[in-house]
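Structural overview for review
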Amino acid sequence: MKYLSCLLLTVFLSCAADRSPSSLFGPNQAGILVVDATLIVDQALPPLFLRQTIAPNVTYSEEIAAVAGASVSVTQGTTQYDFVEDPLTAGRYLPPVIAPVVLPETSYGLFIRSGSTELQANTTTPKRFNIDEVVLLNEETLQPVSSLRTYRDTPPDVFGAPENQVTYQEHLLEARFERIDVQAYQVGILSLDPASDFVIIGDFLDDEDFRDFERETSSPPLEVAEGNLRLPWFAIAFGGRHQLKIYALDDNWYDFARSSPETQNDGFGGLAGDNFERPIFSIEGGMGLFGSASIDSLGFFVLPRN
């Protein structure tokens, strides 16, 4: 997810505008390995990124931070998958050509050796997760008005189906599913039409405010007590096709996301809790994230009001 890579860069690699790296990690903690690897259930084993922290007085670039020549492998049981460097992208390591599919409820280990430094981490993938239904609710009575078509329907025409033409800020959009044994979920919303117009209207917004809106946004970790997740309209700013993804997070991903400075004060509606001085890294010998999630998604088309 684009959100995750940007968040890792912000937290680890000197991109934060309001906090210096030394306030998070100390002034002399340059050269620490930083890994960015997230496994998604039922998807192929993904590439991963390996970088390092740099000194606070050094201008960040991906080339400077990238770590080359490392030995990188992921294990599942007694099977080891060796990664190789991507010749086109510094710091990116590729899985085997025929990459295995990530299994649910399965333990995976990560081992990296770079020079004399070793990094290790483990994740246990969540159970498969499925969106059962997405409904539009009456804003006053909270009673269902209609149901949206999902990818499992026949035909799965999620963008062209009349049921999935939703008017901006008309009714409430709610995803319903059977909860699985995870501590939190995370929502990603992607606008698929790069030329679509704004649907958000507000006299309080000026041209600079509109330039700040992005076509891809993600929530902090969200508690879902009863399997009903209401989606806020303010996370959507554009018309046209949208894809919504709900991630069921493993413990590593959950701990990292809830403790990162970028998400602790997010307005999306995340978990209330302590403020963390330093993100939680479930990694031995380095920083970053080696986590996993199961995912389901939904497509719909946003119409402007009136």
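Our structure is the block above this text.
These lines cover the structure that appears in this document, whether it is placed above or below. (Residues numbered from 1 in each chain as written. Predicted model: local features only at pLDDT ≥ 70, side-chain atom pairs only at ≥ 80, totals over all residues. Heavy atoms only, no water.)

Quick word on the sheet that holds strand β11 (residues 172-177)
- Judged by pairing direction, the sheet is antiparallel, and its four strands sit side by side in the order β9-β8-β11-β14 without closing on themselves. Of all the strands in the sheet, the pair left with one neighbour each is β9 (144-147) and β14 (228-231). Neighbouring strand axes in the sheet, compared pairwise and without regard to direction, differ in orientation by 30° on average.
- With three bridges joining them, strand β8 (residues 131-137) and β9 adopt antiparallel strand pairing. Residue pairing across strands places Leu136 opposite Ser146, the latter belonging to β9. (Pairing = 2+ DSSP bridges. Helix = DSSP H or I, 4+ residues; strand = E, 2+ residues; numbered from the N terminus. Axes fitted to C-alpha atoms, helices over the stretch in contact; angles between N-to-C directions.)

So, the pairing of strand β4 (residues 79-85)
- When strand β3 (residues 71-76) meets β4, the two strands line up antiparallel, connected through five bridges. Paired with Val72 across the bridge in β4 is Phe83.
- Between β3 and the antiparallel strand that follows it, β4, lie two residues; Gly77 among them carries a positive phi value of about 65°.
- Taken together, the two bridges between β4 and strand β5 (residues 92-94) define a ladder with antiparallel strand orientation. Residue Glu85 lies in a different strand from β5, and its bridge partner there is Tyr93.
- Between β4 and β5, which pair antiparallel in sequence order, lie six residues; one of them, Gly91, sits at a positive phi of approximately 85°.

Some points on the nonpolar core
- In this structure, Phe129, Leu148, Tyr185, Val187, Leu229, Ile246 and Phe300 are the most contacted members of the largest nonpolar core, which totals 32 residues.
- Within the residue set of this core, elements represented by two or more residues are β8, β11, β12 (185-191), β14, β15 (240-249) and β17 (287-303).
- In this structure, Ile246 is in contact with Phe129, Ile131, Ala175, Phe177, Tyr185, Gln186, Val187, Leu229, Ser294, Ile295 and Asp296, ignoring residues within four places of it in sequence.
- The next biggest cluster of nonpolar side chains, apart from the first, holds 22 residues, and it includes Leu45, Ala70, Tyr81 and Leu119. (Core = buried A, V, L, I, M, F, W, Y, C linked by side-chain atoms within 4.5 Å. Buried < 20%, exposed > 50% of the residue type's maximum accessible area, 1.4 Å probe, protein only. Contact = heavy atoms within 4.5 Å.)

Some remarks on the side chain of Asn252
- Following the sequence through the fold, Asn252 ends up in helix α5 (residues 251-259).
- A polar contact is formed between the side chain of Asn252 and the side chain of Ser282, at a distance of 3.3 Å.
- Ignoring any residue separated from it by four or fewer positions in sequence, one finds Asn252 in contact with Asn122, Thr123, Ser282, Leu289, Phe290 and Gly291. (Polar contact = N/O pair within 3.5 Å; in protein donor to acceptor, adjacent residues only side chain to side chain.)

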